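Chain by chain, the residues:
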Amino acid sequence: MTLPLAELHLHLEGSLEPEMLFALAQRNKVAIPFASVEDVRAAYRFSNLQDFLDIYYQGANVLLAEEDFHDLTAAYMDRAAADGVTHVEVFFDPQTHTDRGVSFDTVIKGVLGGLETGKARHGISSGLILCLLRHLDEDAGLKTLKQAEPWFDRLLGIGLDSSEVGHPPSKFARAFALAGEAGLKRVAHAGEEGPPEYVWEALDILKVDRIDHGNRALEDPRLVDRLREEQMTLTVCPLSNLSLCVVKSLDNHPLQRMLKLGLRATINSDDPAYFGGYVGANIAALALTGDEKKTLARNSFLGSFLPEAEKQKRLAALDA
Ligand code: ADE
Ligand code: ZN
């Protein structure tokens, strides 16, 4: 039996399956450097985060019209539903698209439409998190926030992703302060490839409500204590970690260690089209006990940004 689950770490652009990449390339007459779906899958071998990001940003070039963003998002919601997911808080990277001349409004209208389609088809509730690309400068991020301002009431939060090392959270202090003042939740990728110091910065400078990944926090016992005391949610992504060589194998993946340490870890798929599977495949890839699976499901709702009463409802449904 699959437990109801919330997915809290999913990049919509990372759910672009090779079949859809081909279909959209055709529909939009965009040239792609692949001859077949098999060709695409063969290119999905990465030795680190940057390797992957280069291909991921190239793949996003086929997304041009509102309908494309709708179809991408709706297809993810279908996959999530099949894995028992009942609530999602998804990321999108507007700068990847606005820098190619696609308007911010085109992107967000398509994505929000896709989330509504997912709600209508499967009853999945959702929230949308705008991620700033950390390899770009903060002024570019502030410009994106300005474009997003008319949509703030439709956004759940702000996030930080892309190339981690060399781009510490502190680089985005002003953008995150502004987002916080506007009432947006704050999350940031930290400790995926970057050092524990980046996790400290995300907590202390960006004032995040969740840490995305957080694997390398385990290197710092004081940081582990802090994360446990605050019951800070970590959105962990095992198949992503394996694909990007963040871990050598899944035998000794940090997720189970995090649970044993009393950390509020959750399981997620990150970029499922690129890393070999959706959240169900991530759960299946680890040798999890029944209790661990239940804790992960509980943590997913506890760590979500659902209103408190709704959270309690979902937790009660899980216990039942
Ligand atoms: N963008 C998409 N997936 C990412 C990841 N795993 N880390 C950083 N940025 C990303
Ligand atoms: Zn991610």
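For the structure itself, consult the block above.
On a predicted model such as this, the values are computed, not experimentally measured, just so you know.

A. Structural context of the nonpolar core. The biggest cluster of nonpolar side chains holds 97 residues, and the ones touching the most others in it are Phe52, Tyr76, Phe92, Leu128, Leu155, Ile211 and Tyr274. The contact partners of leucine 155, leaving out residues within four places of it in the chain, are Phe92, Ile108, Leu128, Leu130, Ala148 and Leu184. In this structure, Phe91, Ile129, Cys131 and Phe305 belong to the second largest nonpolar core, which totals five residues.

B. Expanded view of the coordination of the zinc ion (ligand 2). Within the protein, the atoms that donate to the zinc ion (ligand 2) are His9 (NE2), His11 (NE2), His189 (NE2) and Asp270 (OD), at distances of 2.1 to 2.2 Å. For the zinc ion (ligand 2), the four donor atoms in the first shell make angles of 84 to 176° at the metal, a pattern classed as irregular. Donor residues binding the zinc ion (ligand 2) come from one chain and are separated in sequence as H-x1-H-x177-H-x80-D. Within this pair, whereas histidine 11 is found in the loop between β1 (5-7) and α1 (18-28), its partner aspartate 270 is found in the loop between β8 (264-267) and α13 (272-275), the two being separated by 259 residues in sequence. For the pair formed by histidine 11 and aspartate 270, the shared burial category is buried.

C. Layout of the site of ligand 1. The environment of ligand 1 is made up of His11, Leu49, Phe52, Leu53, Tyr56, Asp161, Ser162, His189, Glu192, His213, Asp270 and Asp271. Serine 162 places a main-chain nitrogen or oxygen 2.8 Å from a nitrogen atom of ligand 1. The side chain of aspartate 270 places a nitrogen or oxygen atom 2.7 Å from a nitrogen atom of ligand 1. In isolation ligand 1 exposes 260 Å². Once the protein is present, 100% of that is buried.

D. Expanded view of the pairing of strand β3 (residues 125-133). The element β3 is largely enclosed, with a buried count of eight among its nine residues. Note that strand β2 (residues 85-92) and β3 share six bridges and pair parallel. Following the sheet pairing, glutamate 89 is matched in β3 by glycine 127. Pairing of β3 with strand β4 (residues 157-161) involves five bridges; the strand directions are parallel.

E. How the structure looks around the side chain of arginine 314. For arginine 314, the location among the structural elements is in helix α16 (residues 308-319). Side chain to side chain, arginine 314 and glutamate 310 meet in a polar contact 2.7 Å long. Not counting residues within four places of it along the chain, the set of residues in contact with arginine 314 comprises Thr86, His87, Ser125, Phe301 and Leu306.

F. Examining the environment of glutamate 230 more closely. Tracing the sequence through the fold places glutamate 230 in the loop between α10 (221-229) and β7 (233-236). On the accessibility criterion, glutamate 230 (40% relative accessible area) is partly exposed. Each C-alpha atom, one on glutamate 230 and one on arginine 264, is 9.4 Å from the other, the two residues being 34 residues apart in sequence. Among the polar contacts listed, one links the side chain of glutamate 230 to the side chain of arginine 226, at a separation of 2.5 Å.

G. Local environment of the sheet that holds β3. Pairing within the open sheet is parallel, and its eight strands lie in the order β1-β2-β3-β4-β5-β6-β7-β8. Edge strands, defined here as strands with exactly one partner in the open sheet, are β1 and β8. On average, each strand axis in the sheet is tilted by 25° relative to the strand beside it, whichever way the strands run. Against the sheet, helix α8 (residues 173-181) touches β3, β4 and β5 (185-190), its axis set at about 160° to β4. Across the sheet, helix α9 (residues 196-204) lies against β5 and β6 (210-213), angled at about 175° from β5, the strand it touches most.

H. Seen up close, the environment of alanine 25. With respect to the secondary-structure elements, alanine 25 resides in helix α1. Given the relative accessible area of 7%, alanine 25 is considered buried. In sequence terms alanine 25 and valine 62 are 37 residues apart; their C-alpha atoms lie 5.2 Å from each other. Not counting residues up to four positions away in its chain, the partners in contact with alanine 25 are Val30, Ile32 and Val62.

Rules used in this analysis
- Residues numbered from 1 in each chain as written.
- Chains lettered and ligands numbered in written order.
- Predicted model: local features only at pLDDT ≥ 70, side-chain atom pairs only at ≥ 80, totals over all residues.
- Heavy atoms only, no water.
- Core = buried A, V, L, I, M, F, W, Y, C linked by side-chain atoms within 4.5 Å.
- Buried < 20%, exposed > 50% of the residue type's maximum accessible area, 1.4 Å probe, protein only.
- Contact = heavy atoms within 4.5 Å.
- Donors = N, O, S within 2.8 Å, 3.2 Å for Na, K, Ca; no water.
- Tetrahedral: all angles 85-135°; square planar, octahedral: opposite > 155°, others 65-115°.
- Helix = DSSP H or I, 4+ residues; strand = E, 2+ residues; numbered from the N terminus.
- Near = heavy atom within 4 Å.
- Polar contact = N/O pair within 3.5 Å; in protein donor to acceptor, adjacent residues only side chain to side chain.
- Areas by Shrake-Rupley, 256 points an atom, 1.4 Å probe, with all protein chains shown as cover.
- Pairing = 2+ DSSP bridges.
- Axes fitted to C-alpha atoms, helices over the stretch in contact; angles between N-to-C directions.

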